[in-house]
Amino acid sequence: MRTEDGPTPLERFIRGILPENPVFRQMLGLCPTLAVTNNVKAALTMSAAVLFVLFSANVIVSLIRGLLKPHLRILVFTLTIATFVTIADRVIAAFMFGMSKQLGPYVPLIIVNCIIIARCEVCASRQSVWHAAADAVGQALGFTLALLSIASIREVLGSGTWLGMRVMPGVWPDWVIMVLPPGAFLTLGLLLGLVNWLGTLRRRPAS
Amino acid sequence: MDYAVSLLLIAVGAALINNFVLHYFVGLCPFLGVSRRLDTAFGMGSAVTFVISIAAFLSWTLTYFILRPGAPLTTLIAGRPLDLSILNYILYIFVIASSVQFVEMYVRKFFPHLYRAFGVYLPLITTNCAILFACLEIMKHVSGVDDPSKVWGLGQSLVLAFFAGIGFTVAISLMAGIREDLDLCDVPAALRGAGITFIVAGIMALGFMGFTGVDRGLEKALRKDGHSRAPRREAVVHQQTGTGALGGEGAAGGRS
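Since this is a predicted model, take the numbers as computed values, not measurements. (Residues numbered from 1 in each chain as written. Chains lettered and ligands numbered in written order. Predicted model: local features only at pLDDT ≥ 70, side-chain atom pairs only at ≥ 80, totals over all residues. Heavy atoms only, no water.)

Draft legend 1. Representation of the overall build of chain B. Helices and strands together make up the secondary structure of chain B, namely 12 helices and zero strands. For chain B, the succession of helices and strands along the chain, N to C, is α-α-α-α-α-α-α-α-α-α-α-α. Burial status across chain B gives 44% buried among its 256 residues. At a minimum sequence separation of 6, the contacts of chain B that also span at least 24 residues come to 73%. (Helix = DSSP H or I, 4+ residues; strand = E, 2+ residues; numbered from the N terminus. Buried < 20%, exposed > 50% of the residue type's maximum accessible area, 1.4 Å probe, protein only. Contact = heavy atoms within 4.5 Å.)

Draft legend 2. A look at the overall build of chain A. Scanning chain A from N- to C-terminus turns up nine helices and two strands. Going from N to C terminus, chain A has its helices and strands arranged as α-α-α-α-α-α-α-β-β-α-α. Its C-alpha atoms give chain A a radius of gyration of 18 Å, near enough to 17 Å, the size a compact globule of 207 residues would have. Seen through its principal axes, chain A has C-alpha atoms that stretch 60 × 55 × 25 Å. Counting all 207 residues of chain A, 52% fall into the buried class. (Rg over C-alpha atoms; globule rule 2.2 N^0.38 Å.)

Draft legend 3. Focus on the pattern of salt bridges. Residues and elements named next belong to chain B. In this structure the tally under the stated criterion is eight salt bridges over all chains. A salt bridge links D39 to R37; its shortest N-O distance comes to 3.1 Å. The exposure class of D39 is partly exposed, given its relative accessible area of 46%. Using a relative accessible area of 49% as the deciding quantity, one classes R37 as partly exposed. (Salt bridge = Lys/Arg side-chain N within 4 Å of Asp/Glu carboxyl O.)

Draft legend 4. Just the interface of chain A and chain B, in detail. In this complex, chain A contributes 36 residues to the contact, which on the side of chain B involves 34 residues. Of the roughly 3100 Å² buried between chain A and chain B on both sides combined, carbon and sulfur atoms contribute 85%. The largest share of the area that chain A buries against chain B comes from C31(A), V112(A) and F185(A), three residues that together contribute 20% of it. For the interface between chain A and chain B, the tally reads zero salt bridges. Inspection of the chain A/chain B interface yields four residue pairs in polar contact (both at pLDDT 80 or more). Those elements that provide at least two residues to the side of chain A that touches chain B are α2 (30-35), α4 (73-95), α6 (114-124) and α9 (181-206) of chain A. (Buried area = accessible area lost by both parts, 1.4 Å probe. Polar contact = N/O pair within 3.5 Å; in protein donor to acceptor, adjacent residues only side chain to side chain.)

Draft legend 5. Expanded view of the confidence of the model for chain B. Residues and elements named next belong to chain B. Here chain B averages 81 in pLDDT, while 84% of its residues score no lower than 70. Taken element by element, chain B is modelled with least confidence in helix α12 (residues 245-255), mean pLDDT 37, and with most confidence in helix α9 (residues 154-182), mean pLDDT 93. In this model, residues 228-256 is a region of pLDDT below 50 whose contacts with residues beyond four sequence positions or in other chains number six contacts. The complex prediction reports pTM at 0.83, with the ipTM value standing at 0.84. (pLDDT = per-residue confidence, 0-100.)

Draft legend 6. Spatial organisation of the packing of aromatic side chains. A full pass over the atoms with the stated rule returns 15 aromatic pairs over all chains. Note on F52(A) and F84(A): the rings are 6.1 Å apart at their centroids and 80° apart in plane angle, and the pair reads as edge-to-face. Of the two residues, F52(A) is situated in helix α3 (residues 40-63) and F84(A) in helix α4; the sequence distance between them amounts to 32 residues. In this structure F84(A) comes out as buried when scored by relative accessible area, which is 15%. By way of ring pairs, the aromatic residues Y106(A), F20(B), Y24(B) and F133(B) are connected into one cluster. The side chain of R68(B) reaches across the aromatic face of Y64(B), ending 4.2 Å from its centre. (Phe/Tyr/Trp six-rings, centres within 6.5 Å; stacked < 30°, edge-to-face > 60°. Lys NZ or Arg CZ within 6 Å of the ring centre and 35° of its normal.)

Draft legend 7. Main features of the side chain of T33(A). Residues and elements named next belong to chain A. Along the chain, T33 turns up in helix α2. A polar atom in the side chain of T33 sits 2.5 Å from the backbone oxygen of G29. Excluding residues that lie within four positions of it along the chain, T33 makes contacts with V23, F143, L147 and I150.

Draft legend 8. Helix α10 (residues 194-208) of chain B, seen in detail. Taking 1.5 Å as the rise per residue, α10(B) with 15 residues should run 21 Å; its terminal C-alpha atoms sit 20 Å apart, in good agreement. A large share of α10(B) lies buried, amounting to 11 of its 15 residues. (Expected span 1.5 Å × (residues − 1).)

Draft legend 9. Structural context of the packing of α4(A) against α6(A). Residues and elements named next belong to chain A. Across the interface, α4 lies against α6 with an axial gap of 10 Å and an inter-helix angle of 130°. In terms of their interaxial angle, α4 and α6 are classed as oblique. α4 and α6 meet at a crossing whose hand is right-handed. Along its contact with α4, which presents R73, I74, F77, T78 and I81, the element α6 presents I116, I117, C120 and E121. Looking at side-chain class alone, the contact of α4 with α6 contains six nonpolar, one polar and two charged residues. (Axes fitted to C-alpha atoms, helices over the stretch in contact; angles between N-to-C directions. Parallel < 35°, antiparallel > 145°, perpendicular 65-115°, else oblique. Left-handed = near helix turned anticlockwise from the far one by under 90°. Nonpolar A, V, L, I, M, F, W, Y, C, P; charged D, E, K, R; others polar.)

Draft legend 10. Focus on the packing of helix α3 (residues 38-67) of chain B against α9(B). Residues and elements named next belong to chain B. Viewed as axis vectors pointing N to C, α3 and α9 meet at an angle of 165°, and their least axial separation amounts to 8 Å. One element, α3, and the other, α9, form an angle in the roughly antiparallel class. The hand of the α3/α9 crossing is right-handed. Split into classes, the residues belonging to the contact of α3 with α9 amount to 18 nonpolar, nine polar and one charged.

Draft legend 11. Representation of unusual backbone geometry within the structure. Here the phi dihedral of M27(A) falls at roughly 55°; this positive angle occurs in a residue that is not glycine. With respect to the element layout, M27(A) can be found in the loop between α1 (9-17) and α2. For F25(B), which is not glycine, the phi torsion reads 60° and is therefore positive. Structurally, F25(B) can be placed in the loop between α1 (2-17) and α2 (28-33).

Draft legend 12. Layout of the confidence of the model for chain A. With 96% of its residues at a pLDDT of at least 70, chain A reaches an overall mean of 86. Of all helices and strands in chain A, the one with the weakest mean pLDDT is α1(A) (82), whereas α3(A) scores best (93).

Draft legend 13. Structural context of the side chain of R119(A). Along the polypeptide, R119(A) turns up in helix α6. Filtering out sequence-adjacent residues up to four positions away, R119(A) remains in contact with R12(A), E20(A), Q26(A), L54(A), N58(A), A124(A), D135(A) and Q139(A).

Written out as structure tokens, the structure is:
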């Protein structure tokens, strides 16, 4: 299926955003999706970290794909990813200390984020650097889109703000449950239902 | 006494109040993927408990002796205190990945029954965030504290990890039980599969929020109990020491 003359870099890029969205379609990388989406700023920082790690790891893995031994593959992936996650973690801690405290262990948890390992395995270890880079950016943007939609719903309903700006009228009673853990599960469950429903709506006239 | 209370509080906190799945959202992949049937869910839960305890032991040892700032082994080798905490993540993931491999081989060779029960889940656990999360929690309490008396020992780390595994098992087993019944329900087509599972998980998380504050209540009850008993025992000992060696025996007898 996925051979060298499969999808072009542009197709891979577009595919990652909606048709193969890592969160809504592939159900990958769910820990950060739920944990850091109680406000938009944290979600954006997390997405930027994932973009950096995914891009770097994909490029490196694609460059060394000729040297990979099958049985040591996953270990090499994780060690590469861990290196870049350490860099991302230190950068966030140095320049955005408050955010680093807020994100806490979820930045290091990018190491075991299934999105990155899956992309390394499925795409980067078999494709040229350009394919891998385009794929990484596309997938990361899809991830950003998912995080942003969940975080927007949770922050607007839970604290009445969006990116710190007041959007709900002053009389809005904050739904505190939305910024607490149960709100994350409920939001993601309902959003998944919505995405599936839209998918069936679009497919029905065609078939 | 205080040590036992702290262990109990860590255990309750890890298993119920800050349940790894329902509060910290780690270990969601198996929580969704392997919670279709009760027996496989329980197998996955026990495998995670097993691996998480081993990983906690290894990561505590690594952090305490090698990685934390001014750790004894690195100081001994380098001749001055070093801070190797930049290597934390790489070493943790390396240790987890390799220990899972070794554990799998060992279990397959020496405990075939155990291997048949949860061997298939072992390789999957390498990329389970719950394991790394436990290591990171331990790291926070070993190398992130300034007060040397608050640094966690091996006991606290193992209790945290083991009861986090128990909490995971409880959550995934409950989920599997619910999903087995859910199969017979008429769920809207769009929500079938992951959607309804997340909504059920949300309601479960709501339920688990009811445990918030249990640790504080427990601590208050146990500590108050301890405080009210401790002075009395002291008083008895003081009285008896006044009357001599025989009194000491009497105090011991009275206490038992």
